[in-house]
Amino acid sequence: MPALFTGVSDGVIGEVTEFPQLVKLGYDVATKKEVREGLWNSVKNISVESIKDASVKFYEEKKANYTSDKHYIVNHTIGQDGVQLASIIIGVGGIKSAVKNVDEGVEKAGKEI
């Protein structure tokens, strides 16, 4: 299978599984003290330096993937990143639509009152 298509499929799998994982994390946070404590300790350890280090690491990994001499790595990365970009664009469209619907609903209710 071409690397571009496997990148797209990996990206779609990632997008589809993120929401259930978030729900499970929310459940675990609500019901398990050790999860809450671990999450809180992780949050307390966030610093400007750790954010900078994570950003640099992310940038270096993407740079390595996009400049690789192995075309299948580049194509796979393009496929995954394309899915993430499409998800962001669709999400922004959904937010705009929701705001528009709220605005129209408020205006309609105002006219009826």
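For the structure, see preceding data.
Residues numbered from 1 in each chain as written. Predicted model: local features only at pLDDT ≥ 70, side-chain atom pairs only at ≥ 80, totals over all residues. Heavy atoms only, no water.

1. Points about the overall build of the protein chain
Then, number 1: Counting its regular elements, the protein chain contains four helices and zero strands.
Then, number 2: Ordered by position from the N terminus, the helices and strands of the protein chain form the series α-α-α-α.
Then, number 3: Out of the 113 residues in the protein chain, the part that is buried amounts to 9%.
Then, number 4: For the protein chain, the share of sequence-separated contacts (at least 6 apart) that also reach a separation of at least 24 residues comes to 58%.
Then, number 5: For the protein chain, the accessible area works out to roughly 9100 Å², and carbon and sulfur atoms hold 66% of it. (Helix = DSSP H or I, 4+ residues; strand = E, 2+ residues; numbered from the N terminus. Buried < 20%, exposed > 50% of the residue type's maximum accessible area, 1.4 Å probe, protein only. Contact = heavy atoms within 4.5 Å. Areas by Shrake-Rupley, 256 points an atom, 1.4 Å probe, with all protein chains shown as cover.)

2. So, the pattern of salt bridges
Then, number 1: Going through the model one piece at a time under the given rule, you end up with four salt bridges.
Then, number 2: Salt-bridge contacts for lysine 24 lead to aspartate 28; the nearest nitrogen and oxygen are separated by 2.7 Å. Of this pair, lysine 24 and aspartate 28 both sit in helix H1 (residues 3-31), separated by four residues, roughly a single helical turn.
Then, number 3: A salt bridge links lysine 62 to aspartate 81, with the nearest nitrogen and oxygen atoms 2.6 Å apart. (Salt bridge = Lys/Arg side-chain N within 4 Å of Asp/Glu carboxyl O.)

3. Comments concerning the side chain of serine 68
Then, number 1: Relative to the helices and strands, serine 68 is located in the loop between helix H3 (48-66) and helix H4 (71-112).
Then, number 2: At a separation of 3.0 Å, a polar atom in the side chain of serine 68 contacts the main-chain amide nitrogen of lysine 70.
Then, number 3: When residues no more than four places from it in sequence are discounted, the contact partners of serine 68 are Ile73 and Val74. (Polar contact = N/O pair within 3.5 Å; in protein donor to acceptor, adjacent residues only side chain to side chain.)

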